[in-house]
Amino acid sequence: MGFFLEVLIGGLLAGVLYSLVALGFVLIFKASGVFNFAQGAMVLTAALALVRALELFEQWKWPFWIALVAAFLFAAAIMAVVAWGAERLVLRKLVNQEGIILFMATIGVTFFLEGLAQTLFGADVYPLNIGLPKEPLFVLESLFDGGILVNELDIWAAVIAGLLVAGLAIFFQKTRIGRALRAVADDHAAAQSVGIPLNQIWFIVWLVAGLVALVAGAVWGSKLGVQFSLTLLALKALPVLILGGFTSVPGAIIGGLIIGAGEKLAEVFLGPSMGGGIEIWFAYVVALLFLLFRPQGLFGERIIERV
């Protein structure tokens, strides 16, 4: 029982990390109806800006926490520039176009960001320390012999994700800008007709998604190092989105938990009898089943009906 719980908790905490990336997708789709394929590239760009700025400030002998705050502010400014560029140079030219056209535009943004970020900040693997503990931690030692092993960094990631979800839920439901974002998502033309500035709304939502990408990049960079493979997180976030629903912020978290726990349990308990490697494809099989039987996900709207 103790080993089962250890695998389950490890999977749930890994799922939280997937959810941090999926949140950025949900934000942009929820507010603009655009599936932003560039979210993975935004995670990479934010993480590269953060780690290289932190290296520079530490070389200048700044105290660690001052250097860290300054590096986060620098990376946030970079994501603001990305949001401005995406709205001014891409989305503004494509107002009221079909969703597939906007989707293709975000693919172009993806490759542009990947190339520009690595040109500016380098393409090596950079270790990132943002002050979060990474030591293994044994819990529930009084209930199970030897306790259950968890990673402190994963626990902090879960706390951060919970705070993000709570903040985003309040933002969308309780603020004037949040209500405007939902109106734009329902109907671009109708939102414009009642005086909602579409260009400003799109800038705001891309900025928020960029800040979420910064948080995801900081956590994933602390865990794996800042490297090009961070862009591939977008691929693992897709099953999370399909499972939780493209328009649901809580769905991104719950979908991540299900995918993370499911793939870890399947790999550990079914992998030996199936040759291993289940963790690589498990999430995509689950996503395919949902597409066949419940394409809107657990908490999302019926996207087909909205098109």
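Definitions and limits used
- Residues numbered from 1 in each chain as written.
- Predicted model: local features only at pLDDT ≥ 70, side-chain atom pairs only at ≥ 80, totals over all residues.
- Heavy atoms only, no water.
- Helix = DSSP H or I, 4+ residues; strand = E, 2+ residues; numbered from the N terminus.
- Rg over C-alpha atoms; globule rule 2.2 N^0.38 Å.
- Buried < 20%, exposed > 50% of the residue type's maximum accessible area, 1.4 Å probe, protein only.
- Contact = heavy atoms within 4.5 Å.
- Areas by Shrake-Rupley, 256 points an atom, 1.4 Å probe, with all protein chains shown as cover.
- Lys, Arg positive; Asp, Glu negative; His and termini not counted.
- Charge placed at Lys NZ, Arg CZ, Asp CG, Glu CD.
- Phe/Tyr/Trp six-rings, centres within 6.5 Å; stacked < 30°, edge-to-face > 60°.
- Polar contact = N/O pair within 3.5 Å; in protein donor to acceptor, adjacent residues only side chain to side chain.
- 1 Å grid on protein atoms, 1.4 Å probe; cavity = no way out; pocket = protein on both sides within 12 Å on 5 of 7 lines; lining within 4 Å.
- Points joined across faces, edges and corners; volume = space filled by probe spheres on them.
- Nonpolar A, V, L, I, M, F, W, Y, C, P; charged D, E, K, R; others polar.
- Expected span 1.5 Å × (residues − 1).
- Salt bridge = Lys/Arg side-chain N within 4 Å of Asp/Glu carboxyl O.
- pLDDT = per-residue confidence, 0-100.

Describe the overall build of the protein chain, and please don't skip the residues or the numbers.
Regarding its fold elements, the protein chain presents 13 helices and 2 strands. Against the compact-globule benchmark of 19 Å for 307 residues, the protein chain has a radius of gyration of 20 Å, which places it among compact chains. Each of the three principal axes of the protein chain carries a C-alpha extent, and together these read 65 × 55 × 35 Å. Evaluated residue by residue, the protein chain yields a buried proportion of 48% over its 307 residues. Residue pairs in contact within the protein chain that sit at least 24 positions apart in sequence constitute 73% of those at least 6 positions apart. Entry remark: accessible area of the protein chain is about 14400 Å², with carbon and sulfur atoms responsible for 69%. Distance between charge centroids for the protein chain: 12 Å, based on 17 positive and 19 negative side chains.

So, the packing of aromatic side chains: which residues are in play, and what are the values?
Inspection of every chain in the model, using the stated rule, returns 11 aromatic pairs. Ring plane angle 45° and centroid distance 5.7 Å describe the contact between F35 and F103, whose orientation is recorded as tilted. Linking F35 in the loop between α1 (2-32) and α2 (39-59) with F103 in helix α4 (residues 99-121), this pair joins segments that are 68 residues apart in sequence. Here F64 and W65 contribute two aromatic rings whose centre-to-centre distance is 5.1 Å and whose plane-to-plane angle is 75°, an arrangement assigned as edge-to-face. Classification of F64 as partly exposed rests on a relative accessible area of 24%. Judged by relative accessible area, W65 falls into the exposed class, the value being 55%. A network of ring pairs unites the aromatic residues F25, F29, F35, F37, F103 and F246 as a single cluster.

Break down the side chain of N36 for me, citing the residues and quoting the values.
The topology assignment puts N36 in the loop between α1 and α2. Here the side chain of N36 touches A38 through a polar contact of 3.0 Å, landing on its backbone nitrogen. Leave out the neighbours within four places in its chain, and N36 touches F25, I28, M42, T106 and W206.

Which residues make up the environment of V81, and what values go with them?
Here V81 lies in helix α3 (residues 64-90). Once the C-alpha coordinates of V81 and P127 are considered, the two residues, 46 residues apart in sequence, prove to be 25 Å apart.

Describe empty space enclosed by the protein, and please don't skip the residues or the numbers.
A complete count under the given rule lists 1 cavity of 30 Å³ or more for this structure. The volume enclosed by the largest cavity comes to roughly 40 Å³. Considering the residues around the largest cavity, the lining is formed by L44, L48, Q118, G122, A123, D124, V226, Q227 and F228. For the lining of the largest cavity, the per-class residue count stands at 5 nonpolar, 3 polar and 1 charged.

Quick one: what's the story with the layout of surface pockets, residue by residue and with numbers?
Put simply, the second largest pocket is a space of about 320 Å³. The wall of the second largest pocket is formed by 17 residues, among which V81, V82, F112, L113 and L116 lie closest to the centre. Elements represented by at least two residues in the lining of the second largest pocket include exactly α3 and α4. Each residue belonging to the lining of the second largest pocket can be placed in one class, and the counts come to 14 nonpolar, 3 polar and no charged.

Pulling in residues and values, what's your account of helix α9 (residues 233-244)?
Given a rise of 1.5 Å per residue, 12 residues ought to cover 16 Å, and the 17 Å separating the end C-alpha atoms of α9 matches this to within 8%. Across the 12 residues that make up α9, a large majority, 10, are buried. Listed as buried for α9 are L233, A234, K236, A237, P239, V240, L241, I242, L243 and G244. Just past α9, the residue G245 takes up positive phi, approximately 110°.

An account of the pattern of salt bridges is needed here, citing residue identities and associated values.
Under the counting rule described, the total for this entry stands at 3 salt bridges. The partner of E55 in a salt bridge is R52, and the shortest N-O contact between them spans 3.0 Å. With a gap of 3 residues between them, E55 and R52 both fall in helix α2, about one helical turn apart. E279 is the partner of K264 in a salt bridge, and the nearest nitrogen-oxygen pair spans 2.8 Å. Taken together, the residues span a long stretch of sequence, with K264 in helix α10 (residues 249-269) and E279 in helix α12 (residues 278-293) at a distance of 15 residues.

Can you tell me about the confidence of the model for the protein chain, naming the residues and giving the values?
The predicted model of the protein chain has a mean per-residue pLDDT of 82, with 92% of residues at 70 or higher. This model gives residues 303-307 a pLDDT under 50, and the stretch forms 6 contacts once residues within four places in sequence are excluded.

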